[in-house]
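Architecture and fold: a report
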Amino acid sequence: SQVYLNGEFLRVDEAKVSVLDRGFIFGDGIYEVVPVYQGNAFRMAEHLNRLDRSLAALRIAQPFDRAGWIDLIQQLLARTKLETCIVYLQVTRGVAKRDHQFPSTPVAPTVFGMISAWAPPPAAQRERGLSAISIPDERWLHCEIKSVSLLGNVLAKQQAVDAQVDEVVQFRDGYLTEGSSTNIWVVSGGKLLAPPKNNLILEGIRYGLMGELAAEAGIPFESRPISREEVEQADELMLSSATKEVLAIVSLDGKPVGTGKPGPVFAQLRAGYDARIA
Ligand code: PDD
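None of the values given here were measured: they were computed from a predicted structure. (Residues numbered from 1 in each chain as written. Predicted model: local features only at pLDDT ≥ 70, side-chain atom pairs only at ≥ 80, totals over all residues. Heavy atoms only, no water.)

**Some thoughts on the pairing of strand 13 (residues 236–241)**
Applicable threshold: Burial status follows relative accessibility: with a 1.4 Å probe on protein chains alone, a residue under 20% of its type maximum counts as buried, one over 50% as exposed, and anything between as partly exposed. For helices the rule is a DSSP run of H or I covering at least 4 residues; for strands it is a run of E covering at least 2, with both sets numbered from the N terminus onward. The pairing criterion is simple: DSSP has to find at least two bridges between the two strands.
Most of strand 13 sits out of view: six of its six residues are buried. Judged by which residues are buried, strand 13 turns out to be covered on both faces: Glu-236, Met-238 and Ser-240 on one side and Leu-237, Leu-239 and Ser-241 on the other are all buried. Here strand 10 (residues 183–188) runs beside strand 13; their pairing, made up of five bridges, is antiparallel. Bridge pairing in strand 13 places Trp-185 opposite Met-238. Counting the residues that bridge the hairpin from strand 13 to strand 14 (residues 245–252) gives three residues.

**Quick word on the site of the ligand**
Test applied: Here, proximity means that at least one heavy atom of the residue falls within 4 Å of the molecule or strand. Two N or O atoms count as a polar contact when they lie within 3.5 Å, although within protein this holds only if one can serve as hydrogen donor and the other as acceptor, and sequence-adjacent residues are included solely when both atoms are side-chain atoms. Per-residue accessibility takes into account occlusion by the displayed protein chains alone, with areas from the Shrake-Rupley method and a 1.4 Å probe. Every definition here rests on a 1 Å grid over the protein atoms only: cavities are sets of points where a 1.4 Å probe fits but cannot get out, pockets are open sets enclosed by protein on both sides within 12 Å along at least five of seven lines, and lining residues have some atom within 4 Å of a point. To qualify as sitting in a cavity or pocket, a molecule needs more than half of its atoms within 2 Å of the grid points.
As a structural note, the neighbourhood of the ligand is formed by 18 residues, with Tyr-31, Glu-178, Ile-205, Arg-206 and Ala-242 the closest of them. Between the ligand and Tyr-31, the relevant distance is 2.6 Å, taken from an oxygen atom to a side-chain nitrogen or oxygen of the residue. Between the ligand and Ala-242, the relevant distance is 2.7 Å, taken from an oxygen atom to a main-chain nitrogen or oxygen of the residue. Taking 470 Å² as the accessible area of the ligand by itself, protein coverage stands at 90%. Mapping the ligand onto the cavity grids shows that it belongs to the largest pocket.

**Focus on helix 3 (residues 66–78)**
For the α-helix, the turn length of 3.6 residues means that residues three or four positions removed from each other point alike. Threshold: What a helix should span is 1.5 Å times the count of its residues minus one. This arc describes the spread of directions from the helix axis toward the C-beta atoms.
With 13 residues, helix 3 should reach 18 Å at 1.5 Å per residue; the first-to-last C-alpha distance of 18 Å fits that figure. Where helix 3 is concerned, the buried positions are Trp-69, Leu-72, Ile-73, Leu-76 and Leu-77. All buried residues of helix 3 project into a common sector of 130° when viewed along the axis, lining one side. When the buried face of helix 3 is taken as reference, the exposed residues oriented beyond 90 degrees from it are Ala-67 and Ala-78.

**A few points about the environment of Leu-89**
Inclusion rule: When checking whether two residues touch, look at their non-hydrogen atoms; a contact exists if any pair is within 4.5 Å.
Here Leu-89 is to be found in strand 5 (residues 85–92). Judged by relative accessible area, Leu-89 falls into the buried class, the value being 0%. Each C-alpha atom of the pair Leu-89 and Asp-99 lies 25 Å from the other, and the pair is ten residues apart in sequence. The contacts of Leu-89, once residues within four sequence positions are left out, are Ile-30, Tyr-31, Glu-32, Leu-48, Leu-51, Trp-69, Leu-72, Ile-73, Leu-76, Phe-112 and Gly-113.

**Let's talk about the pattern of salt bridges**
Here the idea is simple: oppositely charged side chains can pair when their charged atoms come close. The cut-off we apply is this: Throughout this description, the term salt bridge denotes a Lys or Arg side-chain nitrogen within 4 Å of a carboxyl oxygen of Asp or Glu.
Taken as a whole, this structure holds 22 salt bridges when the rule is applied. Arg-43 is the salt-bridge partner of Glu-212, the closest N and O atoms lying 2.9 Å from each other. One end of the pair, Glu-212, is in helix 6 (residues 205–217); the other, Arg-43, is in the loop between strand 4 (40–41) and helix 2 (44–58), with 169 residues separating them in the sequence. Arg-276 is the partner of Glu-216 in a salt bridge, and the nearest nitrogen-oxygen pair spans 2.4 Å. Taken together, the residues Glu-216 in helix 6 and Arg-276 in helix 8 (residues 264–277) connect sequence positions 60 residues apart. A relative accessible area of 28% means that Arg-276 is categorised as partly exposed. The network of salt bridges with common partners includes Arg-43, Glu-46, Glu-212, Glu-216 and Arg-276.

**Remarks on the packing of helix 2 against helix 3**
So the rule is basically this: Only C-alpha atoms enter the line fits that serve as axes; for helices the fit covers just the stretch in contact. Angles between N-to-C directions range over 0 to 180 degrees. For this classification, under 35 degrees means roughly parallel, over 145 means roughly antiparallel, 65 to 115 means roughly perpendicular, and everything else is oblique. By the definition used in this description, the sense in which the near helix is turned from the far one sets the handedness, with an anticlockwise turn below a right angle giving left-handed and a clockwise turn giving right-handed. Only Asp, Glu, Lys and Arg are considered charged, only Ala, Val, Leu, Ile, Met, Phe, Trp, Tyr, Cys and Pro nonpolar, and every remaining residue, Gly among them, polar.
Where helix 2 meets helix 3, the axes come as close as 11 Å, and the angle between the chain directions of the two elements is 120°. The pairing of helix 2 with helix 3 is recorded here as oblique in orientation. As helix 2 runs across helix 3, the sense of the crossing is right-handed. The segment helix 2 lies against helix 3, with Met-44, Ala-45, Leu-48, Asn-49, Leu-51 and Asp-52 engaging Arg-66, Trp-69, Ile-70 and Ile-73. Its residues assigned to classes, the contact of helix 2 with helix 3 comprises seven nonpolar, one polar and two charged.

**Quick notes on the nonpolar core**
For soluble globular proteins, nonpolar side chains are generally found buried alongside one another. The following threshold applies: In this description, a nonpolar core means a group of buried Ala, Val, Leu, Ile, Met, Phe, Trp, Tyr and Cys residues linked to one another through side-chain atoms lying within 4.5 Å.
Counting residues in each nonpolar core, the largest one holds 34 residues, and the members touching the most others are Trp-185, Leu-192, Met-238, Leu-269 and Tyr-273. Within the residue set of this core, elements represented by two or more residues are strand 1 (3–5), strand 3 (29–37), strand 5, strand 10, strand 11 (191–194), helix 6, strand 14 and helix 8. Discounting chain neighbours no more than four positions away, the residues touching Trp-185 are Leu-192, Leu-193, Ala-194, Arg-206, Tyr-207, Met-210, Phe-221, Glu-236, Leu-237, Met-238, Leu-239 and Ser-240. Counting residues in hydrophobic clusters, the runner-up holds 23 residues, among them Ile-30, Leu-51, Trp-69 and Val-87.

**Some details on the confidence of the model for the protein**
Selection rule: Per-residue confidence from the predictor is reported as pLDDT, a score between 0 and 100.
The pLDDT averaged across the protein works out to 98; a share of 100% of its residues lies at or above 70. Within the protein, strand 8 (residues 167–172) carries the highest mean pLDDT (99), whereas helix 4 (residues 123–128) carries the lowest (97).

**Section: the packing of aromatic side chains**
Inclusion rule: What counts as a ring pair is set by centres within 6.5 Å for rings of Phe, Tyr and Trp (its six-membered ring), and what kind of pair is set by the plane angle: stacked under 30 degrees, edge-to-face over 60, tilted for all other angles.
Under the counting rule described, the total for this entry stands at eleven aromatic pairs. Relative to Phe-9, the ring of Tyr-4 has its centre 5.3 Å away and its plane inclined at 65°; by these criteria the two rings are edge-to-face. The exposure class of Tyr-4 is buried, given its relative accessible area of 8%. Measuring from ring centre to ring centre gives 5.8 Å for Tyr-37 and Phe-42, while their planes differ by 90°; the resulting arrangement is edge-to-face.

What follows is the structure, given as structure tokens:
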């Protein structure tokens, strides 16, 4: 399938960006990852709302209106045979002489879009759950922006790989933040808990969705600071993201979470998610 770069549809090997692009030089840009099921971009409006918020946060000029973004996604999907896949969108501040501050004369943002092959997590992961280790959150204080400056997330995920686990669970000042590229959920005393939406986590598109699914299933949901102790004593842990959907975390730092198997609250939320993507 073809990729989109600054107004053109190209083969991926033909798509070239200047070495002076501020995305390359400074990580000065934002992105979105939208899952597509049976040709339909799931929760597209919510993803595009977040893209708008990320651009506004970095004061990067909005390259398209909403209809333009939807059209781009449709055009990318029209150029692939994949029915279930990922739409990746990225906007950087554009190409300028290397200088930290924003270019004084406005430059056109670099707009990139591609379809990536993707398959939902295999049945084995859904049935058995995932393993994780806890690590200190060493990222910056604007984790709410979906920025391509992902070094902190990259280093965090590599710690998981080095420890031969699936994901990290990060803590800042003794409180849960999120995974390397996932939101983390805690079940305690029959309640679903998530850290508050603030500058310390990315508000996943599944953050709002999990709240809806919990409400539908009659599971009380609380968004509040969650201590390390509460995580260690959780009945269930789970994670969510565009690519991992909703999966249980059944072991943390080598110890079983709850029974060590995906729990009943996970099963209910997972069933709700499956119904939405069907
Ligand atoms: N990551 N937190 C972080 C740091 C993330 O990078 C992501 C998503 C999430 C979950 O957000 P959502 O539900 O909108 O996918 C939370 C994407 C998938 C990525 O970087 O590939």
